[in-house]
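Reading the structure
Given next are the chains, with one letter for each unit.
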Amino acid sequence: MKFGLFYEISVPRPWGRETEKTVYDNCLEQVALADTLGFDQVWAVEHHFLEEYSHCPAPELFLTACAMKTKKMRVGHGIVVCVPEFNHPIKIAERTAVLDILSGGRLEVGTGRSATWTELGGFRASPDETKKTWDEFVHCLPNMWTQERYSYQGRSWSMPQRTIVPKPYQKPHPPLWVAVTSPGTEVDAAERGMGSLGLTFGGFAEQDEKVKRYRKIIRNCTPVGKFVNENVSTVNFLYCHEDDAEGVKIGKRMTNTFNYLASQLLAAREAYPSKSYPSLGLLPALRQDASGPGDASGAPEGIAIGNPARLVRELKKWEACGVDRVNFLLNALESIPQEKVLDSLRIFAKEVMPHFQGASDSAAAAGGR
Amino acid sequence: MPPRYGNLNTADWAKAAATINGYKTEPWLLKGAQILSINIEIDDDPADNLIPRTMHPSIPSYAIFNVTHYPESPAGAFSIAEVRIAGRTGVRPRGFVLRSFCDSEDARRELGARWGFPVAPAEVKIDLRHDRIVAHVIADGRSALDCELVDRDVIAGNDIQYIASMHLARNKEDGKLVLVQVDPEFVFAKAERGKPRILHLDNNAWGAGDNLRLGNPISATFTVADVTMPKIRYICNPDVPAMQGTTKVAA
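Criteria and thresholds
- Residues numbered from 1 in each chain as written.
- Chains lettered and ligands numbered in written order.
- Predicted model: local features only at pLDDT ≥ 70, side-chain atom pairs only at ≥ 80, totals over all residues.
- Helix = DSSP H or I, 4+ residues; strand = E, 2+ residues; numbered from the N terminus.
- Rg over C-alpha atoms; globule rule 2.2 N^0.38 Å.
- Buried ≥ 20, exposed ≤ 12 C-beta atoms within 10 Å, placed from the backbone.
- Contact = placed C-beta atoms within 7 Å.
- Pairing = 2+ DSSP bridges.
- Core = buried A, V, L, I, M, F, W, Y, C linked by C-beta atoms within 7 Å.
- Axes fitted to C-alpha atoms, helices over the stretch in contact; angles between N-to-C directions.
- Parallel < 35°, antiparallel > 145°, perpendicular 65-115°, else oblique.
- Left-handed = near helix turned anticlockwise from the far one by under 90°.
- Nonpolar A, V, L, I, M, F, W, Y, C, P; charged D, E, K, R; others polar.
- Arc of directions from axis to C-beta.
- pLDDT = per-residue confidence, 0-100.
- Expected span 1.5 Å × (residues − 1).

Thoughts on the overall build of chain A
Helix and strand content of chain A: 13 helices and eleven strands. The C-alpha atoms of chain A give a radius of gyration of 19 Å, which matches the 21 Å a tight globule of 369 residues would have. Reported as C-alpha extents along the three principal axes, the dimensions of chain A are approximately 60 × 50 × 45 Å. When burial is assessed residue by residue, chain A has 54% of its 369 residues classed as buried. For chain A, the proportion of contacts with a sequence separation of at least 24, taken over those separated by at least 6, is 75%.

Below is the structure:
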């Protein structure tokens, strides 16, 4: 199992001139430290208009800065919105290729379609269309990356023959992922030979079932890319402290803050009934599971907050479900002071990572043991 | 920009509040309701003046225009129109009811006493046409609302998500001003979606003044459903955030 970071970049009100800069600086400091500690990857969302919750509309810029500050960590779009009103597919192909070059071939490309009316309405995109445009985009991207001359006549977009440059540094191209939020999207990922980038926690039983379904279907997939990326990733919170009660207490402050922020947004399904959005998407699932039933400590099941022993125990359960990677949210609205976040990363690398094959190799190489 | 929450002056707003006869309301099953619901974005900052401090505005703010015909009820057939401002109590989506209008005196009395509907008399009509659903509300001889759903398109009932309401009401038992959560259950027999249009809106009829500024249209739905008006389960102190001022009054 490998471990990474996952950034929404939430910015607390009141917003002064320095507020957003401070938050971005803090994130970059965390990423630089994580690289030295043996964390494997850093992901950043693409969100628009989600005030306080996420001030991260240009992840490619943030990830470029991450790439410049790190040597080994992979950098991941988590995700790029595959809706033409948000991103033209040519621009996606070009931007990702440049980021892959600048990072020395460390790019992972997550794809998705947005789950909020806040964003879809802001770009005047129809919720009925997003699943279709996502599908079209992910079938185009690998060809745009690999064919010297490219032309396309499709349903949501088209282009005459041109040479799309540059090409990605990784050959044949960076690994492709799908954001899995709605039930059944793991099937979409598997059928297309793409990684399953889980953005909900889900219970262990649900995750176990999803992973089994994914692994079974991907064996007979028709890959959209030039290779199959069979990997299952999930997202989680992280706050690790030597004292379990303190870790749970501070960690819950973060999860509760995140949950409160997420709930203020307008889910596509709430505003605009559509079969394209059978669930409320990322946000409610994160909320529900992060505040769900736990043990007497108050730590919800499966959430990585508490002392190292607790974290090893919970993460082993995810590993047993077949999860390959766990990406962690480290803060929400700066509710945890930066020094505590950095300490949490250090303790995690020293006392939790060595219990996991793959992660321990990275940690050892980075001197985390 | 400071943290956001509702700024409604609840003491002023309470002048139009209903008096509720305690919280031991028994459910009503209302069969075959015809429900027109229209979601429209509204300007954020003035909208904050239309929800109590209990609530955080949704991002973005939006208003819900509901017009419903109930062909049968314990109070007889009636039609009711409401304008609600969407927000959140804690982490839950809720719509604060500005005003409602109803065409039946018996229904007005029961709705106010049982669930705290802030309800006034008006003529309320829904017309079902093949190309559109049209609704009119006429209060004191003047149009309070004309709205419609156009380009009717069939969707599945389980795609619909109606959010619960919050009613500012005074409890007859202790005289306290409270926000009453009213969360009906719906069993859908039919559901349609179309384009929303507000043809006329008299802001003053709904008590909104200049604070209700219509923006980007979102969606309109028309459903036929069996509606269960619920037991009252939660009440909130209207002047503190929901996380601090919510009381459970029934299982």
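There is more to say after this.
Thoughts on the overall build of chain B
Counting its regular elements, chain B contains four helices and 16 strands. What you see for chain B is a C-alpha radius of gyration of 17 Å, in line with the 18 Å of a compact globule of 251 residues. Principal-axis analysis of the C-alpha atoms places the extent of chain B at approximately 50 × 45 × 40 Å. Counting every position in chain B, which comprises 251 residues, the buried fraction comes to 49%.

Observations concerning the interface of chain A and chain B
Tallying the contact residues gives 21 residues for chain A and 24 residues for chain B. Listed by contribution, the elements that provide at least two residues to the side of chain A that touches chain B are helix H4 (117-122), helix H8 (244-263) and helix H9 (268-271) of chain A.

Description of the pairing of strand S2 (residues 28-42) of chain B
All names here are of chain B. Summarising the sheet, S2 and strand S14 (residues 214-229) pair through twelve bridges and their orientation is antiparallel. Directly across from Ser37, in S14, lies its bridge partner Thr221. Summarising the sheet, S2 and strand S4 (residues 62-70) pair through eight bridges and their orientation is antiparallel. Looking at S4, one finds that Gln34 is bridged to His69.

A short note on the nonpolar core
The biggest cluster of nonpolar side chains holds 175 residues, and the ones touching the most others in it are Leu5(A), Tyr7(A), Phe237(A), Phe328(A), Ala63(B), Phe101(B) and Val180(B). Apart from residues no more than four positions distant in its own chain, Phe328(A) is found in contact with Phe3(A), Leu5(A), Phe6(A), Asn236(A), Phe237(A), Leu238(A) and Ala304(A).

Here's the deal with unusual backbone geometry
In this structure, Pro172(A) follows Lys171(A) across a cis peptide bond, with omega equal to 5 degrees. Inspection of the secondary structure puts Pro172(A) in the loop between strand S6 (158-162) and strand S7 (176-180). Put simply, Ile59(B) and Pro60(B) share a cis peptide bond, and its omega is 0 degrees. Along the chain, Pro60(B) turns up in the loop between strand S3 (55-57) and S4. At Arg124(A), a position not held by glycine, the phi torsion is positive, near 55 degrees.

Some remarks on the packing of helix H3 (residues 89-102) of chain A against helix H5 (residues 130-146) of chain A
All names here are of chain A. Orientation of H3 relative to H5, taken along the N-to-C sense of each, is 50 degrees, at an axis distance of 10 Å. With respect to each other, H3 and H5 are oriented oblique. Here H3 runs over H5; the crossing is right-handed. Between H3 and H5, the residues in contact are Pro89, Ile92, Ala93 and Ala97 and Phe137, Cys140, Leu141, Met144 and Trp145, respectively. Per-class residue counts for the contact of H3 with H5 are nine nonpolar, no polar and no charged.

Some points on the packing of helix H2 (residues 59-69) of chain A against H3(A)
All names here are of chain A. For the pair H2 and H3, the least separation of the axes is 10 Å and the interaxial angle reads 10 degrees. Viewed along their axes, H2 and H3 adopt a mutual orientation that is roughly parallel. Listed contacts from H3 to Glu60, Leu63, Thr64 and Ala67 of H2 are Arg95, Leu99 and Leu102. Split into classes, the residues belonging to the contact of H2 with H3 amount to four nonpolar, one polar and two charged.

A short note on the environment of Glu314(A)
Residues and elements named next belong to chain A. Looking at the secondary structure, you find Glu314 in helix H11 (residues 308-320). For Glu314, a count of 23 C-beta atoms within 10 Å translates into the label buried. Measuring from C-alpha to C-alpha, the distance between Glu314 and Ile303 comes to 7.0 Å, with eleven residues separating the pair along the chain. Leaving out residues up to four positions away in the same chain, Glu314 has contacts with Gly302, Ile303 and Ala304.

Section: the environment of Ala164(B)
The topology assignment puts Ala164(B) in strand S11 (residues 164-171). If near-sequence neighbours (up to four positions away) are discounted, Ala164(B) is found in contact with Arg94(B), Gln181(B), Val182(B) and Asp183(B).

Points about H2(A)
Every α-helical turn comprises 3.6 residues, leaving residues that sit three or four positions apart pointing alike. Residues and elements named next belong to chain A. Among the residues making up H2, those that are buried are Pro59, Phe62, Leu63, Cys66 and Ala67. In an axial view of H2, the angular spread of the buried residues amounts to 145 degrees, which keeps them on one side of the axis. Where the residues of H2 are buried, they touch helix H1 (19-37), strand S2 (41-44), strand S3 (74-81) and H3.

Points about the confidence of the model for chain B
Scored by pLDDT, chain B comes out at a mean of 96, with 99% of its residues at no less than 70. Interface confidence for the predicted complex, given as ipTM, is 0.95, next to a pTM of 0.94.

Overview of the environment of Leu345(A)
Residues and elements named next belong to chain A. Tracing the backbone through its elements, the reader meets Leu345 in helix H12 (residues 338-351). Given 24 C-beta atoms within 10 Å, Leu345 falls into the buried group. Taking the C-alpha atoms as reference, Leu345 lies 37 Å from Phe123; in sequence the two are 222 residues apart. For Leu345, the residues in contact, after removing those within four places along its chain, are Gln30, Leu33, Ala34 and Leu37.

Regarding the pairing of strand S9 (residues 132-139) of chain B
Residue and element names in this part refer to chain B. Inspection of the sheet shows strand S8 (residues 123-128) paired to S9 by six bridges, in the antiparallel sense. What sits directly across from Val124, in S9, is Val137. Note that S9 and strand S10 (residues 142-154) share eight bridges and pair antiparallel. Bridge pairing in S10 places Val134 opposite Glu148.

Focus: helix H7 (residues 204-218) of chain A
Residues and elements named next belong to chain A. Compared with an ideal rise of 1.5 Å per residue, which puts 15 residues at 21 Å, H7 spans 21 Å between its outermost C-alpha atoms and is within 8% of the ideal. Regarding H7, the residues found buried are Gln207, Lys210, Val211, Tyr214 and Ile218. Each buried residue of H7 lies within a common arc of 100 degrees when the element is viewed along its axis, so the set occupies one face. Exposed residues on H7 whose side chains face more than 90 degrees from its buried face are Ala205 and Lys216. Along its buried surface, H7 packs onto helix H6 (185-191), strand S8 (195-198) and strand S9 (232-240).

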